[in-house]
Amino acid sequence: MPNVLFVTTDQQHYMAMGYRNPEVKTPNLDRLVSEGMTFHRAYTVNPTCTPTRASWLTGTYPSQHGAYSLGTKLMEDQRTVGEYFQAAGFRTALVGKAHFQPLRSTEEYPSLEAYPKLHDLDFWRDFHGPFYGFERVELARNHTDESHVGQHYAIWMEERGLTNWRDYFLANSPEQTVPGDPLTTSIHTKREPGQAWEIPAEYHYNAWIADRTTALLREYAEQKENFYLWASFFDPHPAYMVPEPYASMYDPAEVTVPEHVPGEFDDKPPYFAKALEESPDFSAFEEPDGNAIHGAGSHLSSRETRAKNIAAMYGMMTMLDDSIGTILNELETLGLVNETLVCFTSDHGDFYGQHGLVRKAIHHYEDVIRVPLVVRQPDRIPSGVVSDALQSTVDLPQTFLSMAGIAVPREMTGVDESEVWTGVEPTLRDHVIVENQHQPTKMNIRSLVTDRHKLTVHYGQSYGELYDLVDDPQELVNLWDHPDKAALKSDLLLRFVYGEMQKASLPMPRITVA
């Protein structure tokens, strides 16, 4: 049975890899592309972290597993892919970012990833799992210098002599401060765009993830045990910030800076234009049981700021690539390459100026819903192949299990892509569905993506989106209200309904007439 090494980034644009974009250097990921199969039409199941990561665990859509938005959690009674691997005799571990639970804990909805537990290092010294099907977890929760830092990453820094690690991270915000919390205060202040992060590179969380992942690989190799191991990186999620030498590796004057096309929001849903206002009003999207909406604010930024951010993001990608290379090299040193399926992807994409937008998450352009996806297993997965077959990241758990020779649970609702990955079939999907229930009802978006078109429905609204991705790859012209496209829209809406019906969970067959 093959092992599975799952390597992920956070909020990576699908073009932020050297083989597609010569402005950024990612030689190790490029090597993985040359040795495996790469999918240029891979889509996230949701353009935010928690819903997608819960789908990676369960093989079901956010509307099915229940962690439908940021600020929710995957309920502990959900079956996860790690449990199926463990039942088959595999070791299971996660190193890095989980984000299966929110930063706030309540009596009804407790969270281990919440304040002040994040900073209770005595707790984390003793806790390594089990956690959502992983027998061992080594976790952190911060992107760059966020005050969420703590857990196993902080312990690792202390053990390696960085006793003043708090000085490289922001203090808690007032609403997150509790008595006795070690990050109530900090000498570290917010960085400006393009400013280097002062933390030494050897203490960066990339180094921690690579160090702990390779240590686990050695442990499994020595004990001759099969494994499902997830190396979960945090970058290049904003804030765009990286230590030297990566911080000065790319010149802002030499990067391509995406721009808004004047008039492109004229035929889009009304809230799109608000992104270019200084103080937009999104109060119409507030509702009980809702919360702040990522992307519901001003996206205005100067070209200079965007250029500095892109240069920093490229530095983040190169540093991250170095750590991924460390892991891949260790796999080779241990002689595990041929017997290990490696899968690389990201939880969702990113805006860094495209359409005048930044970050994420309520605009279903390709930039934020399309993701990189590379798979490799020598002598099993064809090497150097680039495929345009549609892929959804909800498919990953069932495909991992299938590739490992483990029966795929019937309750999983994605597609087993093993025959596509191994070159037996050119494609299995004729569509993907992207969910985005950011609010319970008032910001609830779903998209159907086919080989050629994208249809986006906004719950309770008469407006919508329809793009021809072949004739209009920049998605500048919304065909939703074009009279000559009414038949096309009707056909796609019907296909959307069929797709929703098709992804129902059927945990058992009909075993008798009644």
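Heads up: these notes are all about the structure in this document. (Residues numbered from 1 in each chain as written. Predicted model: local features only at pLDDT ≥ 70, side-chain atom pairs only at ≥ 80, totals over all residues. Heavy atoms only, no water.)

So, the environment of F272
Move 1: The topology assignment puts F272 in helix 8 (residues 271–274).
Move 2: Taking the C-alpha atoms as reference points, F272 and T92, 180 residues apart in sequence, are found 42 Å from one another.
Move 3: Once residues within four sequence positions are removed from consideration, F272 is found in contact with F265, I362, H363, Y365 and E465. (Helix = DSSP H or I, 4+ residues; strand = E, 2+ residues; numbered from the N terminus. Contact = heavy atoms within 4.5 Å.)

Side note on the pairing of strand 7 (residues 340–346)
Move 1: With seven of seven residues buried, strand 7 lies mostly within the body of the structure.
Move 2: Because side chains alternate across strand 7, one face comprises the buried residues T340, V342, F344 and S346, and the other comprises L341, C343 and T345, equally buried.
Move 3: In this structure, strand 1 (residues 3–9) lies alongside strand 7, joined through seven bridges in parallel fashion. Its bridge partner lying in strand 7, F6 is registered against C343. (Buried < 20%, exposed > 50% of the residue type's maximum accessible area, 1.4 Å probe, protein only. Pairing = 2+ DSSP bridges.)

Remarks on unusual backbone geometry
Move 1: A cis amide bond links P238 to the next residue, A239, at an omega of 10°.
Move 2: Locating A239 in the fold gives a position in the loop between strand 6 (227–232) and helix 8.
Move 3: Omega for the bond connecting E244 with P245 falls within 30 degrees of zero, at 5°, which places this linkage in the cis form.
Move 4: As for its placement among the helices and strands, P245 is situated in the loop between strand 6 and helix 8.
Move 5: Its identity as a non-glycine residue notwithstanding, T144 has a phi of 45°, on the positive side.
Move 6: Checked against the element boundaries, T144 lands in the loop between strand 5 (136–140) and helix 6 (151–159).
Move 7: Backbone geometry at H355 places phi at a positive 60°, although glycine is not the residue there.
Move 8: Topologically, H355 is positioned in the loop between strand 8 (351–352) and strand 9 (358–359).
Move 9: Residue class for H355 comes out buried when judged on its relative accessible area of 8%.

Considerations on the packing of helix 6 against helix 7 (residues 205–222)
Axes are the key here: two packed helices are described by the angle between their axes and the distance separating the axes.
Move 1: Closest axis-to-axis distance for the helix 6/helix 7 pair is 10 Å, and the angle between their directions is 90°. Our classification of the angle between helix 6 and helix 7 gives roughly perpendicular. Residue-level inspection shows H152, Y153 and W156 of helix 6 in contact with helix 7, the latter providing Y205, A207, W208, D211 and R212.
Move 2: Taken together, the residues of the contact of helix 6 with helix 7 break down into five nonpolar, one polar and two charged. (Axes fitted to C-alpha atoms, helices over the stretch in contact; angles between N-to-C directions. Parallel < 35°, antiparallel > 145°, perpendicular 65-115°, else oblique. Nonpolar A, V, L, I, M, F, W, Y, C, P; charged D, E, K, R; others polar.)

Here's the deal with the sheet that holds strand 13 (residues 432–437)
Neighbouring strands of a sheet are bound in pairs by backbone hydrogen bonds; such pairs are parallel or else antiparallel.
Move 1: Strands sit in the order 13-14-15-16 across an open sheet of four strands; the sheet is antiparallel. Strands at the two margins of the open sheet, each flanked by one partner only, are strand 13 and strand 16 (464–468). Sheet twist, expressed as the average angle between the axes of neighbouring strands with direction ignored, equals 10°.
Move 2: Note that strand 14 (residues 444–449) and strand 15 (residues 453–458) share five bridges and pair antiparallel. Note on strand 15: the bridge partner recorded for L448 is L455.

Notes on the nonpolar core
Move 1: Counting residues in hydrophobic clusters, the biggest one holds 106 residues, and the most contacted among them are F85, Y153, M157, F400 and W421.
Move 2: At 14 residues, helix 9 (residues 303–333) tops the list of elements feeding residues into this core.
Move 3: Not counting the four nearest positions on each side in its chain, W421 is found in contact with M37, F39, L341, C343, V375, I381, P382, Q391, L396, T399, F400 and M403.
Move 4: In this structure, F285, L390, V449 and Y467 belong to the second largest nonpolar core, which totals 23 residues. (Core = buried A, V, L, I, M, F, W, Y, C linked by side-chain atoms within 4.5 Å.)

Digging into the pattern of salt bridges
Move 1: What the rule picks out here adds up to 33 salt bridges.
Move 2: The shortest N-O distance in the salt bridge between E158 and R125 comes to 3.1 Å. Taken together, the positions of E158 in helix 6 and R125 in helix 5 (residues 121–126) put the pair 33 residues apart, joining distant regions of the chain.
Move 3: Accessibility expressed as a relative area gives 25% for E158, which makes it partly exposed. (Salt bridge = Lys/Arg side-chain N within 4 Å of Asp/Glu carboxyl O.)

Overview of the packing of aromatic side chains
Move 1: The full count for this structure, using the stated rule, is 35 aromatic pairs.
Move 2: Geometrically, the ring pair formed by F6 and W230 is tilted, given 5.2 Å between the ring centres and 40° between the ring planes. Of this pair, F6 sits in strand 1 while W230 is found in strand 6, placing the two residues 224 residues apart along the sequence. In this pair, the class of F6 matches that of W230, namely buried.
Move 3: Ring geometry for Y365 versus Y467: centroids 6.5 Å apart, planes at 35°, classification tilted. (Phe/Tyr/Trp six-rings, centres within 6.5 Å; stacked < 30°, edge-to-face > 60°.)

Notes on a nonpolar patch on the surface
Move 1: A contiguous nonpolar patch, built from L494, V497, Y498 and M501 and spanning about 420 Å² of accessible area, is present on the exposed surface.
Move 2: For M501, a relative accessible area of 58% corresponds to the exposed category. (Patch = residues over 30% accessible without salt bridge, like charges linked within 9 Å, V, L, I, M, F, W, Y side chains within 5 Å. Areas by Shrake-Rupley, 256 points an atom, 1.4 Å probe, with all protein chains shown as cover.)

Examining the pairing of strand 16
Move 1: The buried count for strand 16 comes to five of five residues, which makes it a mostly enclosed element.
Move 2: Residue alternation in strand 16 divides its side chains into two sets, G464, L466 and D468 and E465 and Y467, and both sets are buried.
Move 3: With five bridges connecting them, strand 15 and strand 16 associate as antiparallel partners. Bridging from a neighbouring strand, H453 pairs with D468 of strand 16.
Move 4: In textbook terms, the turn of a hairpin is the stretch between consecutive antiparallel strands, and for strand 15 and strand 16 this stretch comprises five residues, one of which, G460, has a positive phi near 75°.

Describing the side chain of N478
Move 1: Among the secondary structure elements, N478 is positioned in the loop between strand 16 and helix 13 (486–502).
Move 2: At a separation of 2.8 Å, a polar atom in the side chain of N478 contacts the main-chain carbonyl oxygen of D267.
Move 3: There is a polar contact of 3.1 Å between the side chain of N478 and the backbone nitrogen of W480.
Move 4: Excluding residues within four positions of it along the chain, N478 makes contact with D267, K268, G464, E465, L466 and Y467. (Polar contact = N/O pair within 3.5 Å; in protein donor to acceptor, adjacent residues only side chain to side chain.)

Section: helix 11 (residues 396–403)
Move 1: Along helix 11, eight of the eight residues are buried, which leaves the element largely enclosed by surrounding structure.
Move 2: Along helix 11, the residues classified as buried are L396, P397, Q398, T399, F400, L401, S402 and M403.
Move 3: Positive backbone phi, approximately 80°, marks G405, located one or two places after helix 11.

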